[in-house]
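Chain by chain, the residues:
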Amino acid sequence: MAEEKAPQAGPVGRLFRAGFHALAALRGARAFHPNGLLLKGELRALRRDDLALPEEPVAVTVRMSKGAGLPGRVPDALGLAVRIPAVGGHPWDLTLTTSGTGLAGRVLPRPSRAWTAGRYSTLLPYRTKGELVWLSARAETSRHAEASLDGLRRLVAEGPVTYLVETVRANGHRRPCATLTLHEVDDDSPRPAFDPMLNPPPGWELRPGWLSGLRERAYEGSREGR
């Protein structure tokens, strides 16, 4: 049976778009992950058979944020967004959120108390080469900071913060694909609008289609509202 098409123009899609538009307009910022820090980082490929990453280490733009925008050190679903420079076309935007483990856990946001605790997940899987693959990240730096933007700023100021990026299959099999190292907070550059719907890796498509379609409507409403 063919996969159900994403509800791009249906009433549910329009409702999602309008709701996220209103929330972004009210906040004057993203509907979700409204508050964050932009950071300078480096992505270094460990293997390229799963994800065709640049062969050489590449400078990347990273935004770390609190999903619901909760104040101070209050635990929140923490976000990790990475923009990889254009590789033969357009940049890639990867967005991950703190989550649980296992098949059920990695598709649901999970509040975290620290920026280097637990795992980050793309939540929705990608379909590539006929199989479902998630991207996941976990900190390799042992230093911790509470889930506040001030805490994150201090953490990066103390020294590089490194995450291991992995691909994850539906059966739970993990394979390292890159390291992501954060070097410094970037207070001066323009804030990019990370969008995994517009800028996926070539040959990778978010699934399921109907849910990624609703997510696309949400991103559209959030972009327009802010």
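Everything in this summary refers to the structure shown in the same document. No experiment lies behind these values; they were computed from the predicted model shown.

### Examining the overall build of the protein
Of the regular secondary structure elements, the protein holds four helices and ten strands. Along the chain direction, N to C, the helices and strands of the protein fall in the order α-β-β-β-β-α-β-β-β-α-β-β-β-α. Classification of the 226 residues of the protein by burial places 48% in the buried group. Long-range pairs, those at least 24 residues apart, make up 63% of the contacts in the protein between residues at least 6 apart in sequence. For the protein, the computed accessible surface area is about 11,000 Å², with 56% contributed by carbon and sulfur atoms.

### Structural notes on the pattern of salt bridges
For the structure on display, the rule yields 13 salt bridges. Close ionic contact of aspartate 49 with arginine 47 constitutes a salt bridge, the shortest N to O distance being 2.9 Å. Relative accessible area serves as the criterion here: at 37%, aspartate 49 is assigned to the partly exposed category. Arginine 47 sits in the partly exposed class, given a relative accessible area of 31%. Glutamate 158 is the partner of arginine 143 in a salt bridge, and the nearest nitrogen-oxygen pair spans 3.5 Å. Here the residue arginine 143 occupies a position in the loop between strand E7 (131–139) and helix H3 (149–157), and glutamate 158 occupies one in the loop between H3 and strand E8 (161–169), the gap between them amounting to 15 residues.

### Here's the deal with the side chain of glutamate 166
Here glutamate 166 shows up in strand E8. Within polar-contact distance, the side chain of glutamate 166 engages the side chain of arginine 119 at 3.0 Å. When near neighbours in sequence (up to four residues on either side) are disregarded, glutamate 166 contacts Arg119, Trp134, Leu135, Ser136, Arg138, Arg174, Arg175, Pro176 and Cys177.

### Concerning the nonpolar core
General note: in soluble globular proteins, nonpolar side chains tend to be found buried as a group. Membership of the largest hydrophobic core comes to 40 residues, with the highest contact counts inside it found for Val62, Met64, Trp115, Tyr120, Tyr163 and Leu180. Of all the elements in the fold, those that place two or more residues in this core are strand E1 (35–45), strand E2 (58–66), strand E3 (78–84), strand E4 (92–99), E7, H3, E8 and strand E9 (174–185). Ranked by residue count, the leading element in this core is E9, at five residues.

### A few points about unusual backbone geometry
Phi is positive for leucine 123, close to 65 degrees, though the residue is something other than glycine. Looking at where leucine 123 falls in the secondary structure, it is placed in the loop between strand E5 (119–121) and strand E6 (126–128). Notably, lysine 129 is not glycine yet its phi reads approximately 55 degrees, a positive angle. Mapped onto the fold, lysine 129 is located in the loop between E6 and E7.

### Observations concerning the environment of aspartate 49
Following the sequence through the fold, aspartate 49 ends up in the loop between E1 and E2. When near neighbours in sequence (up to four residues on either side) are disregarded, aspartate 49 contacts Lys129 and Arg175.

### Details of the packing of aromatic side chains
One pass over the structure, following the stated rule, counts two aromatic pairs. Arranged with centres 5.8 Å apart and planes meeting at 90 degrees, the rings of tyrosine 120 and tyrosine 163 form a pair that is edge-to-face. Taken as a pair, tyrosine 120 in strand E5 and tyrosine 163 in strand E8 lie far apart in primary sequence, 43 residues in all. What makes tyrosine 120 buried here is its relative accessible area of 0%.

Cut-offs applied
- Residues numbered from 1 in each chain as written.
- Predicted model: local features only at pLDDT ≥ 70, side-chain atom pairs only at ≥ 80, totals over all residues.
- Heavy atoms only, no water.
- Helix = DSSP H or I, 4+ residues; strand = E, 2+ residues; numbered from the N terminus.
- Buried < 20%, exposed > 50% of the residue type's maximum accessible area, 1.4 Å probe, protein only.
- Contact = heavy atoms within 4.5 Å.
- Areas by Shrake-Rupley, 256 points an atom, 1.4 Å probe, with all protein chains shown as cover.
- Salt bridge = Lys/Arg side-chain N within 4 Å of Asp/Glu carboxyl O.
- Polar contact = N/O pair within 3.5 Å; in protein donor to acceptor, adjacent residues only side chain to side chain.
- Core = buried A, V, L, I, M, F, W, Y, C linked by side-chain atoms within 4.5 Å.
- Phe/Tyr/Trp six-rings, centres within 6.5 Å; stacked < 30°, edge-to-face > 60°.

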